[in-house]
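Here's the letter readout for the chains.
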Amino acid sequence: MEEIDLRERGIYLDYVSMNFNEAAEGFDRHVIDLYLSTRSRELEERGLRYVPMTTATYQCVFAPDSPLAQRGCLTAADLRDITVYAGADYRDMPDLAVSADAQELFAMDNVVKESIFSEKLIQDCAQGTAVAFFPRIGLANELAHASALGKLDSRPMAWPAVSTGAYLADNASLEAVQLVEDVARICRKA
């Protein structure tokens, strides 16, 4: 979004981090206009318009001295004995619904399916007590943020690339719709 000069359009952004449920409530209460996330079946069933921007493979992030560092592409079976911060359930993500690995992983008792403060999440990963998932696209930023807490390593997960895009309120202004479509065009070129 920073590649587009929003001030010329009279658009100012307030960024707030939230999960799917909080976003749905925010749209219902008319306090948010735009939500950037992976594709969500729940949000689409609420009638929100989804504009795909890019697709990303997910990486599993963990402490570099973990036994996971010896493996290539990770599967659900590799994560059976450690806390997994997943942040969402595969059933809400249409891209993952076709993946047997995602279904197996999210059925395990050690998977935490709600949002965790990123500082705690990264600290737990750096200490070797947990792993977490991040889209490969934004992973460099997450790892840079984590450097103060300890180094982290990552490996790709054995499931399909996940679509990331924007959800817009059904009463979104033409300017907001145009902004999202402009950003989507830039992302697709990248």
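Keep in mind that this is a model prediction, so the values were computed, not measured.

Chemist: Got a sec to walk through the layout of surface pockets? Specific residues and values, please.
Modeler: Counted as a void, the second largest pocket has a volume near 180 Å³. For the second largest pocket, the lining is made up of 15 residues, of which Ser-66, Pro-67, Leu-68, Asp-78 and Ile-82 are closest to its centre.

Chemist: Talk me through the sheet that holds strand β7 (residues 153–156); I want residue IDs and the actual numbers.
Modeler: Within a sheet, adjacent strands bond to each other through the backbone by hydrogen bonds, running parallel or antiparallel. Strand order in the open sheet formed by five strands is β5-β4-β6-β3-β7, and the pairing between neighbours is mixed. Edge strands, defined here as strands with exactly one partner in the open sheet, are β5 (111–112) and β7. Sitting on the sheet, helix α4 (residues 118–127) touches β3 (58–62), β4 (83–85) and β6 (130–135), and the angle it makes with β6 is about 120 degrees.

Chemist: Describe the environment of Ala-130, listing the residues and the values that go with them.
Modeler: Mapping Ala-130 onto the fold places it in strand β6. The class for Ala-130 is buried, based on a relative accessible area of 1%. C-alpha of Ala-130 to C-alpha of Val-61: the two residues are 69 residues apart in sequence and 8.9 Å apart in space. When near neighbours in sequence (up to four residues on either side) are disregarded, Ala-130 contacts Val-61, Ile-82, Thr-83, Tyr-85, Asp-124 and Cys-125.

Chemist: How would you sum up the packing of aromatic side chains? Please name residues and give values.
Modeler: Scanning all chains against the criterion turns up four aromatic pairs. Look at Phe-106 and Trp-159: their rings are 6.2 Å apart centre to centre, the planes differ by 20 degrees, and that puts the pair in the stacked class. Here Trp-159 lies in the loop between β7 and β8 (162–168) and Phe-106 lies in helix α3 (residues 100–106), a separation of 53 residues in the sequence. Here the two residues Phe-106 and Trp-159 agree in accessibility, since each one is buried. Geometrically, the ring pair formed by Phe-133 and Trp-159 is edge-to-face, given 5.2 Å between the ring centres and 80 degrees between the ring planes.

Chemist: Please provide a residue-by-residue account of the pattern of salt bridges, values included.
Modeler: Counted under the stated rule, the structure contains nine salt bridges. Here Asp-28 ties to Arg-46 by a salt bridge, and the two come within 2.6 Å at their closest N and O atoms. Taken together, the residues Asp-28 in helix α1 (residues 20–28) and Arg-46 in the loop between α2 (41–45) and β2 (49–56) connect sequence positions 18 residues apart. The exposure class assigned to Arg-46 is partly exposed, which follows from its relative accessible area of 43%. Among the ionic pairs, Arg-91 bridges to Asp-89, the shortest N-O distance being 2.4 Å. Accessibility expressed as a relative area gives 51% for Arg-91, which makes it exposed. On the accessibility criterion, Asp-89 (16% relative accessible area) is buried.

Chemist: Mind laying out unusual backbone geometry, listing which residues take part and the relevant values?
Modeler: A negative phi angle characterises most non-glycine residues, just as the trans form characterises most peptide bonds. Here the phi dihedral of His-30 falls at roughly 60 degrees; this positive angle occurs in a residue that is not glycine. Classification of His-30 as exposed rests on a relative accessible area of 58%.

Chemist: Please provide a residue-by-residue account of the nonpolar core, values included.
Modeler: Counting 36 residues, the largest nonpolar core has Leu-79, Leu-105, Phe-106, Phe-133 and Trp-159 as its most contacted members. Among the secondary structure elements, those contributing two or more residues to this core are α1, β3, α3, β6 and β8. With four residues, the top contributor of residues to this core is α1. Apart from residues no more than four positions distant in its own chain, Leu-105 is found in contact with Ala-76, Leu-79, Val-84, Val-111, Phe-133 and Trp-159.

Calculation criteria
- Residues numbered from 1 in each chain as written.
- Predicted model: local features only at pLDDT ≥ 70, side-chain atom pairs only at ≥ 80, totals over all residues.
- Heavy atoms only, no water.
- 1 Å grid on protein atoms, 1.4 Å probe; cavity = no way out; pocket = protein on both sides within 12 Å on 5 of 7 lines; lining within 4 Å.
- Points joined across faces, edges and corners; volume = space filled by probe spheres on them.
- Pairing = 2+ DSSP bridges.
- Helix = DSSP H or I, 4+ residues; strand = E, 2+ residues; numbered from the N terminus.
- Contact = heavy atoms within 4.5 Å.
- Axes fitted to C-alpha atoms, helices over the stretch in contact; angles between N-to-C directions.
- Buried < 20%, exposed > 50% of the residue type's maximum accessible area, 1.4 Å probe, protein only.
- Phe/Tyr/Trp six-rings, centres within 6.5 Å; stacked < 30°, edge-to-face > 60°.
- Salt bridge = Lys/Arg side-chain N within 4 Å of Asp/Glu carboxyl O.
- Core = buried A, V, L, I, M, F, W, Y, C linked by side-chain atoms within 4.5 Å.

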